[in-house]
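So you can see what is in the structure, the chains are spelled out below.
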Amino acid sequence: MAISGLGFCCRSHFLFRSPPYMYCIRKVRKCSVMALETSLSEQEGFFNDNDGDSELTSRKTGNAGVVALKWKKWNAKELGITSSMISQPTKVVLKELKRKGYEVYLVGGCVRDLILKQIPKDFDIITSAELRQVVKTFSRCEIVGRRFPICHVHVDDTFIEVSSFSTSSRKKSSSSDFLKKPRGCSEQDYLIWKNCMKRDFTINGLMLDPYANVIYDFIGGMEDLKKAKVRTVIPAYTSFQEDCARILRGIRIAARLGFRLSKETSLSLKDLSCSILRLDKTRHLMEMNYMLAYGSAEASLRLLWKVGLLEILLPVQAAYFVTQGFRRRDKRLNMLLSLFANLDAFLAPNRPGHQSLWIAMLVFHKALVDNPKDPLVVATFALTVHNGGNLSEAIDIARSITRPHDSSFSELDTQDLDSDETLKMEVMDLASLVKVALRQMTDESFVSRAMAQYPQAPYSDLVIIPLACYTRVLRIFDCVKGSPRKGVTPRRGNKIDYEYLAMGKLEEVQYVFARVVFDTIYPAYLNQRPKTRSAT
């Protein structure tokens, strides 16, 4: 058959099941934190045992809540960080700036991820060089950003972000109101300290000198990593007022790492949740894409719901959670969470999907919520999406499925489908309903009414799907027309081309979509785990 490469119709041993997968990921995260705790215990005071003056001298002032912390330097090698963990393009930039005599450091989330043995999404560099000097050093380099300019240094087919100490020192921050210059540090350490103070979260305020193999920690970032905690550098309420985008970044980081938000961070985040509506829609889309396209979508949706942000960012999906009787701290699964848990099994920070993929998941699910369909219809629909529109072939394969479907989903409704013609009509109807759902989710008036029956919910008419992405999502389902598209060669093989998937190549997106839907409807491990799904 033309789509035998899909490889899931008759294989009961198919291994992409997300609940056990996500359990394994959480175990890995826990092990990473435990390993870090052991390394820190062995290194305690390694660089400043006798440096009694090397402390942040700030104390609590009013409601600031700033606690005095020792500033420390950690041995990167003893924490398991090696040069092989740094990407080659990043090494090129570091080496060239160092050769020119400039100080260079890795900074932010990449240092955090290296410590936790995670794969960094990207690497950020900060240097003692002025930005104009960075531009002169590299042939393919430009300065971007007006408010906070940085350099994009192009190496091969990627770019590395490079900032300058001189530029970051001009960035206004409330940190100076709460934190004072530490005593006993050198001039260079002071520059590092000033930069760390302007970071959003303590675990992002670590700085690595890759040549001296030293990690600088001025704000308790290592301690919070050990505790698996996301905490703002300055008091959370002030931090989020200063930059409301930190609210979304905090959610993204906590979901991806499996960390918890500190109590102060969580409370301030809830109080200021509506402030994210001030952000540009492109920023909303970017942050949502980071949450849903990099392997932590299920955790992100759960956390957004828990802190009350889902009804602002995705009101339609928030309404679904309410109708399902989902509480803020609910541990159960529903079909929406199952779809994204299965999507997570395919994706990772270094293997992201295109934004059209997760938007397609949202609108597909909405169509089923509004009009439940038989599992056979859903399977046939997914197979048709994958094979380029050959509905007859999809029907033949779907009818050969012997695996039981997940009967706990209210979105699935058993029907009498003895006739192929009836099945075909139902599949075509589902295709039409998906397109209706896409139009609804891009209609501000419709979105604003999604939570109307829940007056306690914040008002939101936020539509984060741009026109270009709307068109891409339409193309994913456009092939379900009853006859195969002419000139289309069905995709073969099980291997995913992640470069194409990140670019949004239609055949790759359709393939992953079909795999995720099939795994959700016909889970291979259905009889091997306890039922913890929401009641139908």
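- Where an unreviewed UniProt entry is consulted, the chain appears under the name Poly(A) polymerase, with the organism given as Papaver nudicaule.
- What UniProt states about the chain under its Sequence similarities (unreviewed entry) heading is, verbatim, "Belongs to the tRNA nucleotidyltransferase/poly(A) polymerase family."

Details of the side chain of D200
Point 1. Relative to the helices and strands, D200 resides in the loop between α7 (187-197) and β7 (207-209).
Point 2. Separated by 3.2 Å, the side chains of D200 and N204 make a polar contact.
Point 3. In this structure, D200 is in contact with R231, T232, V233, S239, R246 and R249, ignoring residues within four places of it in sequence.

What to know about the nonpolar core
Point 1. Among the nonpolar cores identified, the biggest contains 151 residues, and W358, F364, F381 and F477 are the most heavily contacted of them.
Point 2. Beyond its immediate sequence surroundings of up to four residues, F381 is in contact with F364, V427, L430, A431, V434, F477, V480 and F513.

What to know about the pairing of strand β2 (residues 104-107)
Point 1. A two-sided burial pattern is seen for β2, the buried positions comprising V104 and L106 on one face and Y105 and V107 on the other.
Point 2. Both β2 and strand β3 (residues 124-127) contribute to a ladder of 4 bridges, which runs antiparallel. Pairing of Y105 across the sheet is with I126, part of β3.
Point 3. Sheet topology note: the β2/β7 ladder contains 2 bridges and is antiparallel. Bridge pairing links V107 to M207 in β7.

Notes on the pattern of salt bridges
Point 1. Applying the stated criterion across every chain yields a total of 22 salt bridges.
Point 2. Note that R249 is salt-bridged to D200, the shortest N-O span being 2.8 Å. With R249 in helix α10 (residues 245-257) and D200 in the loop between α7 and β7, this pair connects stretches of sequence that are 49 residues apart. Of the two residues, R249 and D200, both sit in the buried class.
Point 3. Among the charged side chains, a salt-bridge network with shared partners connects R112, D113 and R256.

Comments concerning the packing of helix α18 (residues 375-387) against helix α19 (residues 391-399)
Point 1. In contact at an axis separation of 8 Å, α18 and α19 are set at 135° when each is read in the N-to-C sense. Between α18 and α19, the angle is such that the two are oblique. Seen from above, α18 lies across α19 with right-handed handedness. Facing α18, whose interface residues are L376, A379, T380, L383, T384 and N387, α19 presents L391, E393, A394, I395, I397, A398 and R399.

A few points about the sheet that holds strand β1 (residues 72-75)
Point 1. Pairing is mixed across the open sheet formed by 8 strands, whose spatial order is β1-β8-β7-β2-β3-β6-β5-β4. Two strands close off the open sheet at either side, each with one partner strand: β1 and β4 (141-144). When the angles between neighbouring strand axes are averaged without regard to direction, this sheet yields 30°.
Point 2. As paired strands, β7 and strand β8 (residues 214-217) are joined by 3 bridges and run antiparallel to one another. By the bridge assignment for β8, M207 is matched with Y216.
Point 3. Contacting β2, β3, β5 (150-155) and β6 (158-164), helix α2 (residues 88-99) runs over the sheet at an angle of about 40° to β6.

Things to note about a positive patch on the surface
Point 1. On the surface, a cluster of positive charge is contributed by K270, K306, R329 and K331.
Point 2. By secondary structure assignment, the location of K270 is in helix α11 (residues 263-271).

Structural notes on the packing of aromatic side chains
Point 1. Under the definition given, this model contains 12 aromatic pairs.
Point 2. Residues F321 and F326 carry aromatic rings whose centres are separated by 5.3 Å and whose planes lie at 80° to one another, so their mutual orientation is edge-to-face.
Point 3. By way of ring pairs, the aromatic residues Y105, F165, Y216 and F218 are connected into one cluster.
Point 4. The residue whose ring lies beneath R328 is W305, and the NZ or CZ to ring-centre distance is 4.1 Å.
Point 5. Over the face of the ring belonging to Y498 we find R351, whose NZ or CZ atom lies 5.0 Å from the ring centre.

Comments concerning helix α22 (residues 467-477)
Point 1. Buried within α22 we find C469, Y470, V473, I476 and F477. In an axial view of α22, the angular spread of the buried residues amounts to 115°, which keeps them on one side of the axis. Those residues of α22 that are exposed and angled more than 90 degrees off the buried face are L467 and A468.
Point 2. As for α22, its buried residues are in contact with α17 (355-370), α18, α20 (420-441) and α24 (506-521).

Side note on the pairing of β8
Point 1. Taking every second residue as pointing to the same face, both faces of β8 are buried, with V214 and Y216 on one and I215 and D217 on the other.
Point 2. Hairpin connection from β7 to β8: 4 residues lie between these consecutive antiparallel strands, with N213 at a positive phi of about 55°.

A short note on the environment of I115
Point 1. With respect to the helices, strands and loops of the structure, I115 is situated in helix α3 (residues 109-115).
Point 2. Owing to a relative accessible area of 2%, I115 belongs among the buried residues under this scheme.
Point 3. I115 sits 36 residues away from L79 along the chain, and the two C-alpha atoms are 6.6 Å apart.

Parameters at a glance
Residues numbered from 1 in each chain as written. Predicted model: local features only at pLDDT ≥ 70, side-chain atom pairs only at ≥ 80, totals over all residues. Heavy atoms only, no water. UniProt positions renumbered as here; feature names shortened; annotations may be inferred. Helix = DSSP H or I, 4+ residues; strand = E, 2+ residues; numbered from the N terminus. Polar contact = N/O pair within 3.5 Å; in protein donor to acceptor, adjacent residues only side chain to side chain. Contact = heavy atoms within 4.5 Å. Core = buried A, V, L, I, M, F, W, Y, C linked by side-chain atoms within 4.5 Å. Buried < 20%, exposed > 50% of the residue type's maximum accessible area, 1.4 Å probe, protein only. Pairing = 2+ DSSP bridges. Salt bridge = Lys/Arg side-chain N within 4 Å of Asp/Glu carboxyl O. Axes fitted to C-alpha atoms, helices over the stretch in contact; angles between N-to-C directions. Parallel < 35°, antiparallel > 145°, perpendicular 65-115°, else oblique. Left-handed = near helix turned anticlockwise from the far one by under 90°. Patch = residues over 30% accessible without salt bridge, like charges linked within 9 Å, V, L, I, M, F, W, Y side chains within 5 Å. Areas by Shrake-Rupley, 256 points an atom, 1.4 Å probe, with all protein chains shown as cover. Lys, Arg positive; Asp, Glu negative; His and termini not counted. Charge placed at Lys NZ, Arg CZ, Asp CG, Glu CD. Phe/Tyr/Trp six-rings, centres within 6.5 Å; stacked < 30°, edge-to-face > 60°. Lys NZ or Arg CZ within 6 Å of the ring centre and 35° of its normal. Arc of directions from axis to C-beta.

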